[in-house]
Amino acid sequence: PMYHIKSMATPLANGKKTEKIFDILREMITKKMVKIGVNETTKEINKGIGCLLILAADTEPFEIIAHLPILCEEKAIPYIFITSKSALGRACGISRSVSACLIKSETENNRCLTELINGICQ
């Protein structure tokens, strides 16, 4: 399918990274550590809670999510774009498209996850 990806959508994950992100996402959803949707993610980022923000590059209008990378930079939370909001929705285990989701950070956050996320965001 043809995605309308904005040039502002950087960094953009390639196919391999996207699969890795989706694997992490599925695992974290079972642990109830994911916030889904622009409003939910914005609230958590404002609190400074977050391990990785995942954004859909084909979000229309893009302005819906345009504030999130800026917030992430202020709070030092890594973020990455993937190509498809419908694929992001499926990875989140819901039937609707998802423009943004946030993997929450916990105090006892395992280092493995942090290293994996740092690897994805390089």
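Conventions used here
- Residues numbered from 1 in each chain as written.
- Predicted model: local features only at pLDDT ≥ 70, side-chain atom pairs only at ≥ 80, totals over all residues.
- Heavy atoms only, no water.
- Phe/Tyr/Trp six-rings, centres within 6.5 Å; stacked < 30°, edge-to-face > 60°.
- Helix = DSSP H or I, 4+ residues; strand = E, 2+ residues; numbered from the N terminus.
- Buried < 20%, exposed > 50% of the residue type's maximum accessible area, 1.4 Å probe, protein only.
- Pairing = 2+ DSSP bridges.
- Axes fitted to C-alpha atoms, helices over the stretch in contact; angles between N-to-C directions.
- Contact = heavy atoms within 4.5 Å.
- Polar contact = N/O pair within 3.5 Å; in protein donor to acceptor, adjacent residues only side chain to side chain.
- Salt bridge = Lys/Arg side-chain N within 4 Å of Asp/Glu carboxyl O.
- Core = buried A, V, L, I, M, F, W, Y, C linked by side-chain atoms within 4.5 Å.

Applying the stated criterion across every chain, the model contains two aromatic pairs. With centroids separated by 6.0 Å and ring planes inclined at 20°, the aromatic side chains of Phe 62 and Phe 81 adopt a geometry described as stacked. With Phe 62 in the loop between strand E2 (52-56) and helix H3 (63-75) and Phe 81 in strand E3 (residues 79-82), this pair connects stretches of sequence that are 19 residues apart. Each of the two residues, Phe 62 as well as Phe 81, counts as buried. Note on Tyr 79 and Phe 81: the rings are 6.4 Å apart at their centroids and 90° apart in plane angle, and the pair reads as edge-to-face.

Here the focus is the sheet that holds strand E1 (residues 34-36). Across the sheet, four strands lie side by side as E1-E4-E2-E3; this open sheet has mixed pairing. Taken across any chain shown, the strands that pair with only one partner, and hence form the sheet edges, are E1 and E3. In this sheet, neighbouring strand axes are inclined to one another by 20° on average, regardless of whether the strands run parallel or antiparallel. Across four bridges, E2 lies against E3 in parallel orientation. Note on E3: the bridge partner recorded for Leu 53 is Tyr 79. Its contacts with the sheet place H3 against E2, E3 and strand E4 (100-103), and it is angled at close to 160° to E2.

Position of Thr 18 relative to the elements: it lies in helix H1 (residues 15-30). Of note is the side chain of Thr 18, whose polar atom sits 2.8 Å from the backbone oxygen of Asn 14. Residue contacts for Thr 18: discarding those within four places in its chain leaves Ala 13 and Ile 82.

The next subject is the pattern of salt bridges. Summed over the entire model, instances satisfying the criterion amount to five salt bridges. A salt bridge links Lys 47 to Glu 44, with the nearest nitrogen and oxygen atoms 3.3 Å apart. We classify Glu 44 as buried; its relative accessible area is 7%.

Once that is clear, we can look at the pairing of E2. Looking down a regular strand, the side chains alternate between one sheet face and the other. With five of its five residues buried, E2 lies for the most part within the structure. In E2, alternate side chains face the same way, and those of Leu 52, Ile 54 and Ala 56 on one face and Leu 53 and Leu 55 on the other are all buried. Note: E2 against E4, four bridges, orientation antiparallel. What sits directly across from Leu 52, in E4, is Ile 103.

Attention now goes to the nonpolar core. Counting residues in hydrophobic clusters, the biggest one holds 21 residues, and the most contacted among them are Phe 22, Leu 25, Ile 54, Leu 88, Cys 101 and Ile 103. Elements represented by at least two residues in this core include exactly H1, E2, E3, helix H4 (85-91) and E4. The dominant element in this core, judged by the number of residues it contributes, is H1, at five residues. Residues within four places of Leu 88 in sequence aside, it is in contact with Phe 22, Leu 25, Ile 54, Leu 55, Ala 56, Ile 82, Val 98, Ser 99, Ala 100 and Cys 101. Residues Val 38, Leu 68, Tyr 79 and Phe 81 belong to the second largest nonpolar core, which totals 16 residues.

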